[in-house]
Amino acid sequence: MFSALRMLVVLTVLTGLAYPLLVTGIAQVAFSHQANGSLIASGEKTVGSELIGQPFDDPKYFWSRPSATSPQPYNGAASAGSNQGARNPALADAVKDRIKALRDVDPSDDAPVPVDLVTASGSGLDPHISVAAANYQAPRVAKVRNVPLPQVRALIAGNTEGRTLGVLGEPRVNVLGLNRALDQM
């Protein structure tokens, strides 16, 4: 009985205190920016994170991928997908509503809507959209901001991140970074 209690205390100290402190210390030294949330600042004000999306609904900005978190979008404490399958009527209705919102804000755009603009990611926190989703929105942003479309497309190209390690995933655009670049233009 005494040896079991002693083992509980030793393992609690090792796995509950020593290991987390060691990993946190290594992270702070080796990856300080990421370990502290990859926050993006504008002057003294924090405007967001490179790793957690934000909602944008102003037509002069590129819109993010929808979020499935609650009670508010992009809630890092509630990271989860919607768990709505492809045949779920609620998902179909949400997609229809999102397509309608995109069409309402730019009625002249009759191109197919990229899927990542109308469906949430598995985490519900995705800060990126596909290059196709950014290019789909480029004419609207250019028109609202009264900026030549080639200039907006060049901004998208300049803010496109490649595949992770050169092979994983698809090229993508961080929406907050792209919108900040638009504001600085």
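Residues numbered from 1 in each chain as written. Predicted model: local features only at pLDDT ≥ 70, side-chain atom pairs only at ≥ 80, totals over all residues. Heavy atoms only, no water.

1. What about the overall build of the protein?
Part 1 of the argument: When helices and strands are tallied, the protein shows 6 helices and 5 strands.
Part 2 of the argument: Order of helices (α) and strands (β) in the protein, N terminus to C terminus: α-α-β-β-α-β-α-α-β-β-α.
Part 3 of the argument: For 185 residues, the compact-globule formula gives about 16 Å, and the C-alpha radius of gyration of the protein, at 21 Å, lies well above that figure.
Part 4 of the argument: Projecting the C-alpha coordinates of the protein onto the three principal axes gives extents of approximately 75 × 45 × 35 Å.
Part 5 of the argument: Of the contacts formed within the protein by residues at least 6 apart in sequence, a portion of 54% connects residues at least 24 apart.
Part 6 of the argument: Element-wise, carbon and sulfur atoms account for 62% of the exposed surface of the protein, whose accessible area totals about 11,300 Å². (Helix = DSSP H or I, 4+ residues; strand = E, 2+ residues; numbered from the N terminus. Rg over C-alpha atoms; globule rule 2.2 N^0.38 Å. Contact = heavy atoms within 4.5 Å. Areas by Shrake-Rupley, 256 points an atom, 1.4 Å probe, with all protein chains shown as cover.)

2. Quick word on the packing of aromatic side chains
Part 1 of the argument: Tallying each qualifying case throughout the model produces 1 aromatic pair.
Part 2 of the argument: When the centroid spacing of 5.7 Å and the interplanar angle of 45° are considered together, the rings of F56 and Y61 count as tilted. For the pair F56 and Y61, one class covers both residues: buried.
Part 3 of the argument: One cation-aromatic arrangement involves R140 over W63; the distance from NZ or CZ to the ring centre is 4.7 Å.
Part 4 of the argument: In this arrangement the basic side chain of R145 is found over the ring face of Y61, its NZ or CZ atom lying 5.0 Å from the centre. (Phe/Tyr/Trp six-rings, centres within 6.5 Å; stacked < 30°, edge-to-face > 60°. Buried < 20%, exposed > 50% of the residue type's maximum accessible area, 1.4 Å probe, protein only. Lys NZ or Arg CZ within 6 Å of the ring centre and 35° of its normal.)

3. With respect to the nonpolar core
Part 1 of the argument: Within the largest apolar cluster, 28 residues are counted, with the highest numbers of intra-cluster contacts made by F62 and I156.
Part 2 of the argument: Elements with a minimum of two residues in this core: α3 (89–105), α4 (131–145), α5 (149–158) and α6 (175–184).
Part 3 of the argument: Per-element tally for this core: the top contributor is α4, with 6 residues.
Part 4 of the argument: Not counting residues within four places of it along the chain, the set of residues in contact with F62 comprises F56, A134, Q137, A138, R140, V141, V152, I156, V175, L178, N179 and L182. (Core = buried A, V, L, I, M, F, W, Y, C linked by side-chain atoms within 4.5 Å.)

4. Re the layout of surface pockets
Part 1 of the argument: In this model, the largest pocket occupies a volume close to 270 Å³.
Part 2 of the argument: Contributing to the lining of the largest pocket are 14 residues, with W63, S64, P66, R98 and L117 lying nearest its centre.
Part 3 of the argument: Considered class by class, the residues forming the lining of the largest pocket number 9 nonpolar, 2 polar and 3 charged. (1 Å grid on protein atoms, 1.4 Å probe; cavity = no way out; pocket = protein on both sides within 12 Å on 5 of 7 lines; lining within 4 Å. Points joined across faces, edges and corners; volume = space filled by probe spheres on them. Nonpolar A, V, L, I, M, F, W, Y, C, P; charged D, E, K, R; others polar.)

5. Describing the sheet that holds strand β4 (residues 160–161)
Part 1 of the argument: One open sheet accounts for 3 strands, arranged β3-β5-β4; its pairing is antiparallel. Where the open sheet ends on each side, the last strands, each with one partner, are β3 (128–130) and β4.
Part 2 of the argument: Judged from the 2 bridges that link them, β4 and strand β5 (residues 172–174) form a sheet pairing that is antiparallel. Across the sheet, residue T160 finds its bridge partner in β5, namely V173.
Part 3 of the argument: Against the sheet, α6 engages β3 and β5, with an angle of about 60° to β5. (Pairing = 2+ DSSP bridges. Axes fitted to C-alpha atoms, helices over the stretch in contact; angles between N-to-C directions.)

6. With respect to helix α1 (residues 2–30)
Part 1 of the argument: With 29 residues, α1 extends 40 Å from end C-alpha to end C-alpha; this agrees with the ideal 42 Å at 1.5 Å per step.
Part 2 of the argument: Considering bend angle alone, the principal kink of α1 is centred on A18 and spans about 30°; proline P20 follows within four residues of it. (Expected span 1.5 Å × (residues − 1). Bend = angle between axes of the 7 residues up to and from the residue.)

7. Observations concerning the pairing of strand β1 (residues 39–42)
Part 1 of the argument: Pairing between β1 and strand β2 (residues 45–49): 4 bridges, direction antiparallel. Bridging across to β2, S42 finds its partner in K45.
Part 2 of the argument: Hairpin geometry of β1 and β2 is characterised by an intervening segment of 2 residues between the two adjacent antiparallel strands and by a positive phi of about 70° at G43.

8. Quick notes on unusual backbone geometry
Part 1 of the argument: Here the phi dihedral of N146 falls at roughly 60°; this positive angle occurs in a residue that is not glycine.
Part 2 of the argument: According to the relative accessible area criterion, N146 is exposed, its value standing at 71%.

9. Some thoughts on a nonpolar patch on the surface
Part 1 of the argument: On the surface, a cluster of nonpolar side chains totalling about 580 Å² of accessible area is made up of L5, L8, V9, V13, L17 and L21.
Part 2 of the argument: Following the sequence through the fold, V13 ends up in helix α1. (Patch = residues over 30% accessible without salt bridge, like charges linked within 9 Å, V, L, I, M, F, W, Y side chains within 5 Å. Salt bridge = Lys/Arg side-chain N within 4 Å of Asp/Glu carboxyl O.)

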